[in-house]
Amino acid sequence: MTDSPTELAPALAFAPEKTRAADAVEAARDEILELSHRIHANPEPAFEEVQAATWVAEAVGRHGYAVEHPVGSLATAVRGRVTGGKGSDGPRIGILAEYDALPGLGHGCGHNTMAASGVGAAIALAAVRDLWAGEVVFLGTPAEERGSGKAIMIREGLFEGLDAALLYHPCDRNHVEIAPLASEDVTVTFTGLQSHAASDPWKGRNALDAMIALFVSVGLWRQQLPTHCRVHGIIEEGGTAANIIPDRTRAWFMIRSADQRYYDDVMRGRFVQLCEAAAAAADVEVSVEFSGGASTMKHNRAIADRWNANALTHGIADEGMDPSSGSTDMANVSWVVPAIHPELSITEAPTPGHSTEFRDAAARPFADRTTLLAATLVAQTALDLLLDPSLVQEAWREFRGEG
Ligand SMILES: [Zn+2]
Ligand SMILES: [Zn+2]
């Protein structure tokens with residue numbers, strides 16, 4: 001027998017403290033859910049989350065966090081910090097929140113539930129700060145859907161000094177581990193020469209021809225790609241009138257792979273070649289702009305096990321690795337600090353992400369229950385780390401590949 005709480009079944013560790021955290025989420029339930037619904041009703045795309053960032057900053061500020069908004073170079077990034085009642089000498093745990101929406105779709109990825117649950121977890125941890133030493137760092141992270149805001153925040157040092165980072169994501173299933181693909185947004189712009197499409201077509205250089213050639217060659221390329229790769233895009237500018245030879249077309253592509261090395265060494269360069277070949281075919285100019293992207297993910301089993309143990313006490317069983325992953329800039333975070341990015345169901349399966357069905361589900365009672373549960377589980381898993389620094393050490397040993 002031992003008195004060490006880590007020797008107990010994980011779900012039983014710090015049970016009274018975790019009950020207090022759950023009670024704190026329940027006490028703030030109206031505030032948390034009102035925030036989720038307000039963000040859902042006012043969707044703002046990547047880098048433009050002006051209202052959501054303000055509401056999130058105000059919410060954590062009301063609960064004792066010292067808030068910086070903006071923080072770093074992103075106008076819609078937020079940082080709030082609170083130290084433990086037992087002193088600042090202890091783990092520094094990052095509680096993350098996303099709040100960007102999808103253009104034309106709204107909160108089809110349910111990030112309103114992420115913003116509200118991140119705030120809810122932060123509220124709960126502040127409410128029980130008499131229990132712990134260390135620091136909770138709330139990070140409002142913009143632009144997950146396009147542009148990888150967390151990658152920018154990493155470069156600006158906003159994840160330095162953290163001992164762990166926790167972020168829940170909504171889904172139609174429950175998975176503690178996902179397998180996000182390396183991914184990058186690419187803007188392709190072809191520039192030609194305008195001309196009357198009937199009277200002087202030979203005087204023009206057709207930027208739409210180049211775009212069509214690119215989509216055809218990408219379609220052919222897909223058949224030769226390994227199954228872990230994805231390439232997909234839309235035409236954002238395709239010309240202005242049928243009787244004008246288009247002098248400018250623009251597409252937004254995303255290229256992805258589960259194999260970071262294959263992505264870096266093969267896909268990027270091959271995609272640029274296809275763009276250049278299409279431009280040569282139509283005798284136009286091309287520019288290819290890569291956004292800087294999301295990476296594959298480094299999992300942390302030590303923290304994930306605690307999440308699973310806490311989730312089990314709420315009747316949530318892990319369904320194993322999510323087989324159908326997109327991409328996330330949380331994966332970039334996972335390479336600089338031990339991190340988890342668990343998914344919880346907000347709706348019946350199957351409901352595809354990035355759809356009107358998923359968007360509508362993100363404001364229903366099922367999603368509200370999950371938002372509160374996610375806040376509770378993030379707070380409880382953070383307590384596992386704050387109350388047991390040996391777990392932090394274990395997470396870092398795993399992160400470094402030691403023993
Ligand atoms: Zn998402
Ligand atoms: Zn999404």
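Quick caveat: nothing in here was measured; it's all calculated off a predicted structure. (Residues numbered from 1 in each chain as written. Chains lettered and ligands numbered in written order. Predicted model: local features only at pLDDT ≥ 70, side-chain atom pairs only at ≥ 80, totals over all residues. Heavy atoms only, no water.)

Ordered in space as β8-β9-β7-β10, the four strands form an open sheet in which the pairing is antiparallel. Both edges of this open sheet fall to β8 (229-237) and β10 (285-290), since each of them pairs with a single strand only. Strand-to-strand, the axes of this sheet are offset by a mean angle of 20°, without reference to chain direction. Bridge analysis of strand β7 (residues 182-191) against strand β9 (residues 248-257) gives 10 bridges, and the strand direction is antiparallel. (Pairing = 2+ DSSP bridges. Helix = DSSP H or I, 4+ residues; strand = E, 2+ residues; numbered from the N terminus. Axes fitted to C-alpha atoms, helices over the stretch in contact; angles between N-to-C directions.)

So, about helix α7 (residues 260-282). Taking 1.5 Å per residue as the helical rise, α7 with its 23 residues ought to reach 33 Å, and the 32 Å between its terminal C-alpha atoms agrees with that figure. Remark: the principal bend of α7, roughly 30°, maps to Met 267. By the burial criterion, the buried members of α7 are Tyr 263, Met 267, Phe 271, Leu 274, Cys 275, Ala 278, Ala 279 and Ala 282. The elements touched by buried residues of α7 are β7, α6 (207-224), β8, β9 and β10. Sitting at the head of α7, Asp 259 places a side-chain oxygen 3.0 Å from the backbone nitrogen of Arg 261. Positive backbone phi, at 55°, marks Asp 283, one or two positions downstream of α7. (Expected span 1.5 Å × (residues − 1). Bend = angle between axes of the 7 residues up to and from the residue. Buried < 20%, exposed > 50% of the residue type's maximum accessible area, 1.4 Å probe, protein only. Contact = heavy atoms within 4.5 Å. Polar contact = N/O pair within 3.5 Å; in protein donor to acceptor, adjacent residues only side chain to side chain.)

Here we take up the domain arrangement of the chain. By the assigned domains, the chain splits into domain 1 (5-180 + 296-400) and domain 2 (182-290). Taking only C-alpha atoms, the centre of domain 1 and the centre of domain 2 are 37 Å apart. Contacts between the two partners involve six residues from domain 1 and, on the opposite side, 10 residues from domain 2. Summed over both sides, the interface between domain 1 and domain 2 buries roughly 650 Å², with carbon and sulfur atoms accounting for 43% of that surface. When residues of domain 1 are sorted by the area they lose upon contact with domain 2, Arg 146, Thr 296 and Ser 327 head the list and together hold 74% of the total. At the boundary of domain 1 with domain 2, the tally comes to one salt bridge. Glu 236 is paired through a salt bridge with Arg 146; the nearest N and O atoms lie 4.0 Å apart. (Domains from an automatic or database assignment. Buried area = accessible area lost by both parts, 1.4 Å probe. Salt bridge = Lys/Arg side-chain N within 4 Å of Asp/Glu carboxyl O.)

It is worth spelling out the packing of helix α11 (residues 365-387) against helix α12 (residues 389-400) at this point. Where α11 contacts α12, the two axes come as close as 4 Å, and the packing angle between them is 100°. With respect to their mutual orientation, α11 and α12 come out roughly perpendicular. Taken together, the residues of α12 that come into contact with α11 (itself represented by Asp 384, Leu 385, Leu 386 and Leu 387) are Pro 389, Leu 391 and Val 392. Grouping the amino acids of the contact of α11 with α12 by side-chain chemistry returns six nonpolar, no polar and one charged. (Parallel < 35°, antiparallel > 145°, perpendicular 65-115°, else oblique. Nonpolar A, V, L, I, M, F, W, Y, C, P; charged D, E, K, R; others polar.)

In this structure, Cys 109 (SG), Glu 145 (OE), Glu 145 (OE) and His 354 (NE2) serve as the protein donors to the zinc ion (ligand 2), at separations of 2.0 to 2.7 Å. In terms of primary sequence, the donors binding the zinc ion (ligand 2) are separated according to C-x35-E-x208-H. (Donors = N, O, S within 2.8 Å, 3.2 Å for Na, K, Ca; no water.)

The next point concerns the state of the cysteines. Per the stated rule, a full pass over the model turns up zero disulfides. Cys 275 supplies the cysteine sulfur nearest to Cys 229, a cysteine that is in no disulfide, at a spacing of 16 Å. Note on Cys 229: relative accessible area 7%, which makes it buried. (Disulfide = S-S within 2.5 Å.)

As a further point, take the coordination of the zinc ion (ligand 1). Surrounding the zinc ion (ligand 1) are the protein donor atoms Cys 109 (SG), His 111 (NE2) and His 169 (NE2), which sit 2.0 to 2.3 Å from the metal. Counting residues between consecutive donors of the zinc ion (ligand 1) along the chain gives the motif C-x1-H-x57-H. The metal-metal distance between the zinc ion (ligand 1) and the zinc ion (ligand 2) comes to 3.1 Å, with Cys 109 coordinating both. Taken together, the positions of His 111 in helix α4 (residues 111-127) and His 169 in strand β6 (residues 169-171) put the pair 58 residues apart, joining distant regions of the chain. This pair shows no difference in class: His 111 is buried, exactly as His 169 is.

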